[in-house]
Amino acid sequence: KAGVTQTPRYLIKTRGQQVTLSCSPISGHRSVSWYQQTPGQGLQFLFEYFSETQRNKGNFPGRFSGRQFSNSRSEMNVSTLELGDSALYLCASSAVVGPNNSPLHFGNGTRLTVT
Amino acid sequence: AQSVSQHNHHVILSEAASLELGCNYSYGGTVNLFWYVQYPGQHLQLLLKYFSGDPLVKGIKGFEAEFIKSKFSFNLRKPSVQWSDTAEYFCAVISNNAGNMLTFGGGTRLMVKP
């Protein structure tokens, strides 16, 4: 079974630009979550989608947005990039959401550098 | 809001030494607890998880963790570490009403000297 696939692996953008990152979950997984990993702030939750609906959102500005398609693939978008947005963006998928959470499976991430 | 704290940011051990990494969380309700590991250049992988039942859970590669509800702790242990255990370890919590919104600790970098 293929794992969580994130594209691209590396991205370099300049301030003010926007960027779209893509995530393909494990086949059959319907929940996709996004996390930002930085040396200073560690791993922080961005948002979670299930069946094309955003279920939870972390404490990030509105420049960060996402969506999920009917095939469970997800994209996240960051507009008006700032230097502080430089980070590793991780996508994670799981089979279900509920009281007995199925563990999250993480992708390798997209390394975004903003110059 | 829930939070997770990992006491040690960096740990250096020699091979065959015993390991214990501390993790404490703050949340008053029912939680699910996880330890993830990130080997150099690799993605986050699940080591072990606690949902309910026996508070002593065993994971992959000889790791185990004990959930002590009264102490809000979920410490990770391994009796004898190997050089290949060199990695960053993350404790994480999900509350039962938070979907898949994991709250991570700051991580502990473990270096095992051969």
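The structure we're discussing is the one just above.
So, a few notes on the structure that sits alongside this text. For clarity, every value in this text was computed on a predicted model and none was experimentally measured.

### Some thoughts on the state of the cysteines
So, point 1. If you walk through the whole model with that rule in mind, you get two disulfides over all chains.
So, point 2. Here Cys 23 of chain A engages in a disulfide with Cys 91 of chain A; their sulfurs sit 1.8 Å apart. Judged by the torsion about the S-S bond (-65°), the Cys 23 of chain A/Cys 91 of chain A disulfide is left-handed. With a gap of 68 residues between them, Cys 23 of chain A in strand E3 (residues 19-24) and Cys 91 of chain A in strand E9 (residues 87-94) connect regions that are remote in the sequence.
So, point 3. Judged by its relative accessible area of 0%, Cys 23 of chain A falls in the buried class.
So, point 4. For Cys 91 of chain A, a relative accessible area of 0% translates into the label buried.
So, point 5. Across a sulfur-sulfur distance of 1.9 Å, Cys 23 of chain B and Cys 91 of chain B are joined as a disulfide pair. Across the S-S bond of Cys 23 of chain B and Cys 91 of chain B the torsion is about -65°, and the bridge reads as left-handed. One end of the pair, Cys 23 of chain B, is in the loop between strand E3 (19-21) and strand E4 (24-26); the other, Cys 91 of chain B, is in strand E10 (residues 87-95), with 68 residues separating them in the sequence.
So, point 6. Using a relative accessible area of 0% as the deciding quantity, one classes Cys 91 of chain B as buried.

Here is what the cut-offs are and how they apply
- Residues numbered from 1 in each chain as written.
- Chains lettered and ligands numbered in written order.
- Predicted model: local features only at pLDDT ≥ 70, side-chain atom pairs only at ≥ 80, totals over all residues.
- Heavy atoms only, no water.
- Disulfide = S-S within 2.5 Å.
- Helix = DSSP H or I, 4+ residues; strand = E, 2+ residues; numbered from the N terminus.
- Buried < 20%, exposed > 50% of the residue type's maximum accessible area, 1.4 Å probe, protein only.

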